[in-house]
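# Summary of structural features
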Amino acid sequence: MFKNLYNEIDFFFRKNIRLKRKYTGKNELKENLFEHFSGEKKQLAKEKEIFYLKKYQLQEFKTNSTCRNYLENLAVIELLENFLAPTPEKNVVKILDIGSKNWFYASGEWSFFKYKLEEFLGYSRVTALRVGEAAPSASARNPLFLDGIEIDAFRVYSDFHTRYDYAQYYIKNLANTRYITKDFLQHNEKYDYIIWFFPFVTEFPLQEWGLPLSKFKPSEMLKHAYDSLNSGGKMLIVNQDEKEYAIQENLLKNLNLHYEKKGDFKNSFLEYEHKRCVTIVFKDS
Ligand SMILES: C[S@@+](CC[C@H](N)C(=O)[O-])C[C@H]1O[C@@H](n2cnc3c(N)ncnc32)[C@H](O)[C@@H]1O
């Protein structure tokens, strides 16, 4: 009870004070990216990193990131490659990330969708101008719109920067990308793809993350996420460990949603303490 009261008060103040200071980021040399691996695993990780670096044009991001952040983003790309094959029927595609924290993985999401959409929509053909032809519209040049939404964007780190400050840094080179600082339940836009890493499906982690229990609404959140999909849209949910995965499945069943469980996902770049269990939700057209 005390924890909840503390969270209510603390959350109220940070939400209203909205601290902002420019964060300028940190870079690290990437010479020993895979010291945490050995043998075949290390070799495989090295090869895959080179492959993704070229495929998703990550050179600038690689130069201007920490080792951990670079690896986290590679892991996100691998996850999305494994479970989403975007096949948009429109020239503009909207993507939402729910509960983005400081959005340290925005580059991975953006680079994945940008590559896939260009591949699918024939981007180079769209933008290859013939003499005398009008310049393509902004949406033709940039078919991807990426939003991240976070209810607790003004939580302060030990360096006195907020999640908001970090997020602004992580998205600064990503065209058409917005970090939205509000409760997802108050946000009413439609998306073609929704990515949702670690939704709160039990009270304990929500409280540990500093949110008041009044914000614990897993079923309402899931329904709103489903309602926010355009028809034909897909949502990728990642849960931590089997227990949360089972609770997530119950929530999906109770709402009678069309979903596929994809199981535990292991990436090539990092080892996590907890399993990452994946579900895809479909909004049928
Ligand atoms: C377990 S964390 C996951 C953070 C991040 N996605 C990641 O992978 O590290 C869940 C996040 O969802 C946010 N969140 C919870 N309820 C929300 C809501 N109603 N609207 C927007 N964000 C919410 C929390 O503040 C928290 O940052």
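About the criteria used
Residue numbering note: each chain is counted from 1, following its sequence as written. The model is predicted, so local features are restricted to residues of pLDDT at least 70 and side-chain atom pairs to those at 80 or more, both for listing and for counting; the totals for chains, interfaces and linings are taken over all residues. Water and hydrogen atoms play no part in the side-chain values, which are based on all heavy atoms of the structure. Note on conventions: DSSP H or I runs of at least 4 residues are helices, E runs of at least 2 residues are strands, and numbering of each starts at the N terminus. Exposure classes here rest on a 1.4 Å probe applied to the protein chains alone. A residue is buried below 20% of its type maximum, exposed above 50%, and partly exposed in between. Residues are treated as being in contact if the distance between any of their heavy atoms lies within 4.5 Å. DSSP bridges decide pairing: two strands pair if at least two such bridges lie between them. Helix axes use the C-alpha atoms of the stretch in contact, all axes being lines fitted to C-alpha atoms, and the angles between their N-to-C directions lie in the range 0 to 180 degrees. Here a residue counts as near a molecule or strand whenever at least one of its heavy atoms sits within 4 Å of it. Polar contacts, as used here, are pairs of N or O atoms within 3.5 Å; protein pairs need one atom able to donate a hydrogen and one able to accept it. Residues neighboring in sequence count only if both atoms are side-chain atoms. Only the protein chains shown count as cover for residues, and the accessible areas themselves come from Shrake-Rupley with a 1.4 Å probe. Relative orientations are named as follows: roughly parallel for angles under 35 degrees, roughly antiparallel for angles over 145 degrees, roughly perpendicular for angles from 65 to 115 degrees, and oblique for any other angle. Handedness of a crossing is defined here by the sense of rotation of the near helix relative to the far one, left-handed for an anticlockwise turn of less than a right angle and right-handed for a clockwise turn. As a working rule, the residues Ala, Val, Leu, Ile, Met, Phe, Trp, Tyr, Cys and Pro are called nonpolar, Asp, Glu, Lys and Arg charged, and the rest polar, with Gly in that last group.

## A word on the environment of Leu 146
Residue position: Leu 146 is located in strand S2 (residues 144-149). Leu 146 gets classed as buried once you look at its relative accessible area, which sits at 0%. As for Leu 146 and Glu 109, which are separated by 37 residues in sequence, their C-alpha atoms are 8.5 Å apart. Discounting chain neighbours no more than four positions away, the residues touching Leu 146 are Ile 95, Trp 103, Ala 106, Glu 109, Trp 110, Asn 176, Thr 177 and Arg 178.

## Some thoughts on the sheet that holds strand S7 (residues 276-282)
Taken in spatial order, the seven strands of this open sheet run S3-S2-S1-S4-S5-S7-S6, and their pairing is mixed. At either end of the open sheet lies a strand with only one pairing partner, and these are strand S3 (177-180) and strand S6 (258-264). Across the sheet, the mean angle from the axis of one strand to that of its neighbour is 15°, orientation sign disregarded. Taken together, the six bridges between strand S4 (residues 191-197) and strand S5 (residues 229-240) define a ladder with parallel strand orientation. Along S5, the bridge assignment pairs Tyr 193 with Lys 234. Running over the sheet, helix H11 (residues 241-254) touches S5, S6 and S7 and is turned about 150° from S5.

## What about the site of the ligand?
Not every one of the 17 residues close to the ligand is listed here, only the nearest: Gly 99, Tyr 105, Glu 150, Asp 183 and Phe 184. In the environment of the ligand, a nitrogen atom lies 3.2 Å from a nitrogen or oxygen atom belonging to the backbone of Ile 151. In the model, a nitrogen atom of the ligand is placed 2.8 Å from a nitrogen or oxygen of the Asp 183 side chain. In isolation the ligand offers 590 Å² of accessible surface; the protein chains occlude 93% of this area.

## Overview of the packing of helix H10 (residues 218-227) against H11
Viewed as axis vectors pointing N to C, H10 and H11 meet at an angle of 60°, and their least axial separation amounts to 10 Å. When the interaxial angle is binned, H10 and H11 end up oblique. Helix-helix and strand crossings are classified by hand; for H10 and H11 the assignment is right-handed. Contact with H10, carried on its side by Pro 218, Ser 219 and Leu 222, involves Gln 248, Leu 251 and Leu 252 of H11 and no other residues of that element. When the residues that make up the contact of H10 with H11 are grouped by side-chain class, the tally is four nonpolar, two polar and no charged.

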